[in-house]
Amino acid sequence: MTDLLRTPGPGAEGLTDHLRERWSVSVFDAARELGDEEIAALLHAAQWAPSAGNGQPWAFIVAERGNAAHDVLVQHLSRGNSGWVPRASVVFLALAQVAPDEDGNGPKWPTYAYYDLGQAAAHLTVQAASMGLWVHQFAGFDQEAVARELGVPDHFQLLTGIAVGARGNHDEVSEDDAARERRDRIRKPLEQFVYGDRWGQPWR
Ligand SMILES: Cc1cc2nc3c(=O)[nH]c(=O)nc-3n(C[C@H](O)[C@H](O)[C@H](O)COP(=O)(O)O)c2cc1C
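Residues numbered from 1 in each chain as written. Predicted model: local features only at pLDDT ≥ 70, side-chain atom pairs only at ≥ 80, totals over all residues. Heavy atoms only, no water.

**As for the pattern of salt bridges**
Okay, so step 1: This model, assessed by the stated rule, comprises 7 salt bridges.
Okay, so step 2: One salt bridge in this structure joins aspartate 17 and arginine 20, with 2.9 Å as the shortest N-O distance. Taken together, the residues span about one helical turn, with aspartate 17 and arginine 20 both in helix H1 (residues 17-20) at a distance of 3 residues.
Okay, so step 3: In this structure aspartate 17 comes out as partly exposed when scored by relative accessible area, which is 40%. (Salt bridge = Lys/Arg side-chain N within 4 Å of Asp/Glu carboxyl O. Helix = DSSP H or I, 4+ residues; strand = E, 2+ residues; numbered from the N terminus. Buried < 20%, exposed > 50% of the residue type's maximum accessible area, 1.4 Å probe, protein only.)

Here is the structure:
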């Protein structure tokens, strides 16, 4: 379902469909469940992202409505995220391996773990769009508490949740959550972050 209201502005016209039509949905269909095959397809997209030295320094915890990880997550959501996140079909908790494990194994270049995890998340997001699903990533939760309660080891850092599901009915949510979907979608112009001859000199 494409919502004309959410169609992105100048610069997005030439993007491939799944990028152009993507946006962060805040009203999910609380009745929609994802099958294991759908969840696995999303995870395969993350699995096949490139990473520094092919280190694949990521991990995901699948928090599905009703499972233990989901129960822990919903207790630690920020106020602004506590209404909409639990309505998503699934939340992938995204973790980066930022140090070697107890046997000394780990990413060759831990500096790039954040970069690699972000890229895996982006792959998952595009895969979701191709499957007619919607994604909203979020950092507003108590990562330390969730990691502790889920037994995450110190060499992994819990960063975000990736909420995935189908679009839901605005009448079933609070005005605040419905309003989140009407937020302006604006971007900095290229000249503010793309440089040519040297730093500070806009490209073209
Ligand atoms: C790392 C990260 C953290 C985010 N944290 C939150 C959050 O806690 N709550 C929220 O509603 N949205 C959150 N977002 C969503 C962004 O606000 C959203 O992607 C941005 O406004 C651009 O909108 P768009 O995704 O619709 O293009 C987060 C996105 C990212 C990538």
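Resuming the write-up.
**Points about the sheet that holds strand S2 (residues 90-97)**
Okay, so step 1: In spatial order, the strands read S1-S2-S4-S3; together these 4 strands make up an open sheet with antiparallel pairing. The sheet terminates laterally at strand S1 (58-64) and strand S3 (134-138), the two strands that pair on one side only. Adjacent strand axes in the sheet meet at a mean angle of 25 degrees, parallel and antiparallel pairs treated alike.
Okay, so step 2: With 5 bridges connecting them, S3 and strand S4 (residues 156-165) associate as antiparallel partners. For glutamine 137, the partnering residue across the bridge sits in S4 and is isoleucine 162.
Okay, so step 3: In the packing of helix H2 (residues 36-47) onto the sheet, the strands contacted are S1, S2 and S4, and the crossing angle to S1 comes to about 165 degrees.
Okay, so step 4: Of the strands in this sheet, S1, S2 and S3 touch helix H3 (residues 68-75), which is tilted by about 90 degrees from S1. (Pairing = 2+ DSSP bridges. Axes fitted to C-alpha atoms, helices over the stretch in contact; angles between N-to-C directions. Contact = heavy atoms within 4.5 Å.)

**With respect to the site of the ligand**
Okay, so step 1: Around the ligand sit 15 residues in total, of which Ser24, His136, Arg180, Arg185 and Arg187 are the nearest.
Okay, so step 2: A distance of 2.8 Å separates a nitrogen atom of the ligand from a polar atom in the side chain of histidine 136.
Okay, so step 3: Measuring from an oxygen atom of the ligand, one finds a side-chain N or O atom of arginine 185 at 2.6 Å.
Okay, so step 4: Bound to the protein, the ligand loses 64% of the 620 Å² it would expose on its own.
Okay, so step 5: Here the shell around the ligand takes 3 residues from S3, the largest share from any one element.
Okay, so step 6: Counted by class, the shell around the ligand contains 4 nonpolar, 6 polar and 5 charged residues. (Near = heavy atom within 4 Å. Polar contact = N/O pair within 3.5 Å; in protein donor to acceptor, adjacent residues only side chain to side chain. Areas by Shrake-Rupley, 256 points an atom, 1.4 Å probe, with all protein chains shown as cover. Nonpolar A, V, L, I, M, F, W, Y, C, P; charged D, E, K, R; others polar.)

**Concerning the side chain of aspartate 177**
Okay, so step 1: Residue placement: aspartate 177 occurs in helix H6 (residues 175-180).
Okay, so step 2: Each residue touching aspartate 177, except ones within four places of it in the same chain, is listed here: Ser26, Val27, Gly80, Gly83 and Trp84.

**Side note on the layout of surface pockets**
Okay, so step 1: Within this model, the largest pocket holds a volume of roughly 410 Å³.
Okay, so step 2: Forming the walls of the largest pocket are 16 residues, and the residues nearest its centre are Gly9, Pro10, Gly11, Ala12 and Arg187.
Okay, so step 3: Among the residues forming the lining of the largest pocket, the class breakdown is 9 nonpolar, 2 polar and 5 charged. (1 Å grid on protein atoms, 1.4 Å probe; cavity = no way out; pocket = protein on both sides within 12 Å on 5 of 7 lines; lining within 4 Å. Points joined across faces, edges and corners; volume = space filled by probe spheres on them.)

**Some words on a nonpolar patch on the surface**
Okay, so step 1: Taken together, the side chains of Leu15, Leu19 and Val126 define a hydrophobic patch exposed on the protein surface, amounting to about 210 Å² of accessible area.
Okay, so step 2: Residue position: leucine 15 is located in the segment before H1.
Okay, so step 3: Looking at leucine 15, the relative accessible area reads 37%, which means it is partly exposed. (Patch = residues over 30% accessible without salt bridge, like charges linked within 9 Å, V, L, I, M, F, W, Y side chains within 5 Å.)

**A short note on the packing of H2 against helix H4 (residues 113-130)**
Okay, so step 1: Following both chains from N to C, one finds H2 and H4 inclined at 140 degrees, their axes separated by 7 Å at the closest point. Between H2 and H4, the angle is such that the two are oblique. The crossing of H2 and H4 is right-handed. Between H2, through Ala41, Leu42, Ala45 and Ala46, and H4, the contact on the second element is made entirely by Ala120, His123, Leu124, Gln127 and Ala128.
Okay, so step 2: In terms of residue class, the contact of H2 with H4 is built from 7 nonpolar, 2 polar and no charged. (Parallel < 35°, antiparallel > 145°, perpendicular 65-115°, else oblique. Left-handed = near helix turned anticlockwise from the far one by under 90°.)

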